[in-house]
Amino acid sequence: MERQDSPSAKWWQLAFGVICMAMIANLQYGWTLFVDPIDQRYHWGRAAIQLAFTLFVATETWLVPVEAWFADRYGPKIVVAFGGVMIALAWTINAYADSLAMLYLGAVVAGIGAGSVYGTCVGNALKWFPHRRGLAAGATAAGFGAGAAITVVPIARMIASSGYQDAFLYFGLGQGAVVLALAFLLRKPSTNTPVQRKSTRLPQTKVDRSPREAVRTPVFWVMYVMFVMVASGGLMAAAQIAPIAHDFQVANVPVSLFGLQMAALTLAISLDRIFDGFGRPFFGFVSDHIGRENTMFIAFSTAALAVITLLTYGHNPMVFVLATAVYFGVFGEIYSLFPATCGDTFGSKYAASNAGLLYTAKGTAAFLVPFASLLSAAYGWSAVFTLIIILNVTAAALAMFVLRPMRARYLAETEHAPALAAQPVRTA
């Protein structure tokens, strides 16, 4: 007899997933702390060292569909446990890396581990919360930023006091151990929760579609293109915020806000992380109530307005800080809205695999980031900002006028298809 999940089980599963995500955050957000210490020791050059980060992002992103497929097939426990081992191994390799080849190997191993945890935890949240997918995916994705906020300062202190090798080793082993322990507490729902209500604002499928079926639908590729558009703009901004601040001559200007006074660039980066982390569950929660596409339209339009403000008044340090904070506050929601929309459209059974396939759009967008440097060198930052504005406005229009009616038609067709298939064939 199949056991029933207790009412609190899903919240525990969400909490375990958030903590696991927090434990992998430093693989991305803490990396910048290690670049200069590594260069000071081996003199490999920043560009060569940063290639390790590129390898990490590429591996973490593009292998998620494979890792998520294993999670859908064998459950989250084994995949997250594997991720925990890989996380510990990756930073252990980094601690002893005395060549660029070893450093690159550590980056690839870290990407495999992070992708295993990221894709599995987001997919598991979608399965446990079919009626609150936006909130669940947003809270899980927010853990990715929260972990960095908690542990970056201790890592920086250990690097200063004991050296970067000890920081790699001890934090790598510690973070990997936490993920490994929590992996044994993770599980998928014992039964698929049926759709209990039909909402015109939050339409959901009653039919589970496999990844092979999902990628054959136009609606998947419309979501993919939109994801690439918004993600590329956000990654461009994230990668270039320091050069932009210096070129606008606001980087070192003191700014007072919320009782704090610090350089505009430092304050902007700090607020960007906070707003980004808060925006993911907030917009996910909003989308659960007013609909995915409606929320996308609001968020993408707000992002465009924030960049217009930055382009027009960004030489004012206070405007620079606030405009970038607003922009990143509405950028991070793509990591909650798109997985939730994917789950609504293609069902819970293959939620991890399908969301993982969609997540590769981040990897695709990353390849467009260097284009921003070329564009700024040739035409200035106004050209980069204009491109980001166009991408967000286009994505907002696609959400309302293409994705929403297309998904409605697709879900109507899938709803009627099983009923038609179940009807007996009449013979003359």
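Whatever comes next refers back to the structure up there.
Reading the values: the criteria
Residues numbered from 1 in each chain as written. Predicted model: local features only at pLDDT ≥ 70, side-chain atom pairs only at ≥ 80, totals over all residues. Heavy atoms only, no water. Helix = DSSP H or I, 4+ residues; strand = E, 2+ residues; numbered from the N terminus. Rg over C-alpha atoms; globule rule 2.2 N^0.38 Å. Buried < 20%, exposed > 50% of the residue type's maximum accessible area, 1.4 Å probe, protein only. Contact = heavy atoms within 4.5 Å. Areas by Shrake-Rupley, 256 points an atom, 1.4 Å probe, with all protein chains shown as cover. Lys, Arg positive; Asp, Glu negative; His and termini not counted. Charge placed at Lys NZ, Arg CZ, Asp CG, Glu CD. Pairing = 2+ DSSP bridges. Bend = angle between axes of the 7 residues up to and from the residue. Axes fitted to C-alpha atoms, helices over the stretch in contact; angles between N-to-C directions. Parallel < 35°, antiparallel > 145°, perpendicular 65-115°, else oblique. Nonpolar A, V, L, I, M, F, W, Y, C, P; charged D, E, K, R; others polar. Salt bridge = Lys/Arg side-chain N within 4 Å of Asp/Glu carboxyl O.

## Observations regarding the overall build of the chain
(1) Moving on: The helix and strand inventory of the chain stands at 18 helices and two strands.
(2) Moving on: Relative to a compact globule of 428 residues, whose C-alpha radius of gyration would be 22 Å, the chain shows 22 Å and is just as compact.
(3) Moving on: Expressed as a percentage of its 428 residues, the buried residues of the chain come to 55%.
(4) Moving on: Restricting the contact set of the chain to residue pairs at least 6 apart, pairs at least 24 apart contribute 84%.
(5) Moving on: On the chain, roughly 18,700 Å² of surface is accessible, and the fraction owed to carbon and sulfur atoms is 67%.
(6) Moving on: Of note, the chain has its 28 positive side-chain charges centred 10 Å away from the centre of its 20 negative side-chain charges.

## Section: the environment of Pro-154
(1) Moving on: Relative to the helices and strands, Pro-154 is located in helix α8 (residues 133–162).
(2) Moving on: By relative accessible area, Pro-154 is classed as partly exposed at 34%.

## Topic: the pairing of strand β2 (residues 260–263)
(1) Moving on: Here four bridges tie strand β1 (residues 254–257) to β2, and the two strands are oriented antiparallel to one another. Bridging from a neighbouring strand, Leu-257 pairs with Leu-260 of β2.
(2) Moving on: Linking two consecutive strands that pair antiparallel, namely β1 and β2, is a turn of two residues; a positive phi of about 55° is found at Phe-258 within it.

## Some details on helix α12 (residues 264–290)
(1) Moving on: Along α12, the sharpest kink reaches roughly 30°, centred on Gly-279 and followed within four residues by the proline Pro-281.
(2) Moving on: Positive phi appears at Gly-291, one or two residues downstream of α12, with a value of about 105°.

## Considerations on unusual backbone geometry
Across the chain, the bulk of peptide bonds are trans and the bulk of non-glycine residues have phi less than zero.
(1) Moving on: Phi angles above zero are rare outside glycine, and His-43 is one such case at about 55°.
(2) Moving on: Assignment of secondary structure puts His-43 in the loop between α3 (32–42) and α4 (46–62).
(3) Moving on: His-43 gets classed as exposed once you look at its relative accessible area, which sits at 64%.
(4) Moving on: With a phi close to 60°, Gln-249 is a non-glycine residue in the positive phi region.

## A few points about the packing of helix α6 (residues 76–96) against helix α9 (residues 164–183)
Packed helices, taken two at a time, are described by the angle between their axes plus the distance between the axes.
(1) Moving on: In contact at an axis separation of 8 Å, α6 and α9 are set at 175° when each is read in the N-to-C sense. By the angle class used here, α6 and α9 are roughly antiparallel.
(2) Moving on: Residue composition of the contact of α6 with α9, grouped by class: 17 nonpolar, seven polar and one charged.

## Some remarks on the side chain of Thr-341
(1) Moving on: Tracing the chain through its elements places Thr-341 in helix α15 (residues 334–346).
(2) Moving on: By relative accessible area, Thr-341 is classed as buried at 0%.
(3) Moving on: With residues near it in sequence (within four places) discarded, Thr-341 still touches Met-223, Arg-292, Met-296 and Arg-407.

## Quick word on the pattern of salt bridges
(1) Moving on: In total, this model carries seven salt bridges according to the counting rule given.
(2) Moving on: For Arg-292, the salt bridge identified is with Asp-288, shortest N-O distance 2.7 Å.
(3) Moving on: Given the relative accessible area of 0%, Arg-292 is considered buried.
(4) Moving on: One continuous salt-bridge network, built from bridges that share partners, spans Arg-133, Asp-288, Arg-292 and Asp-344.

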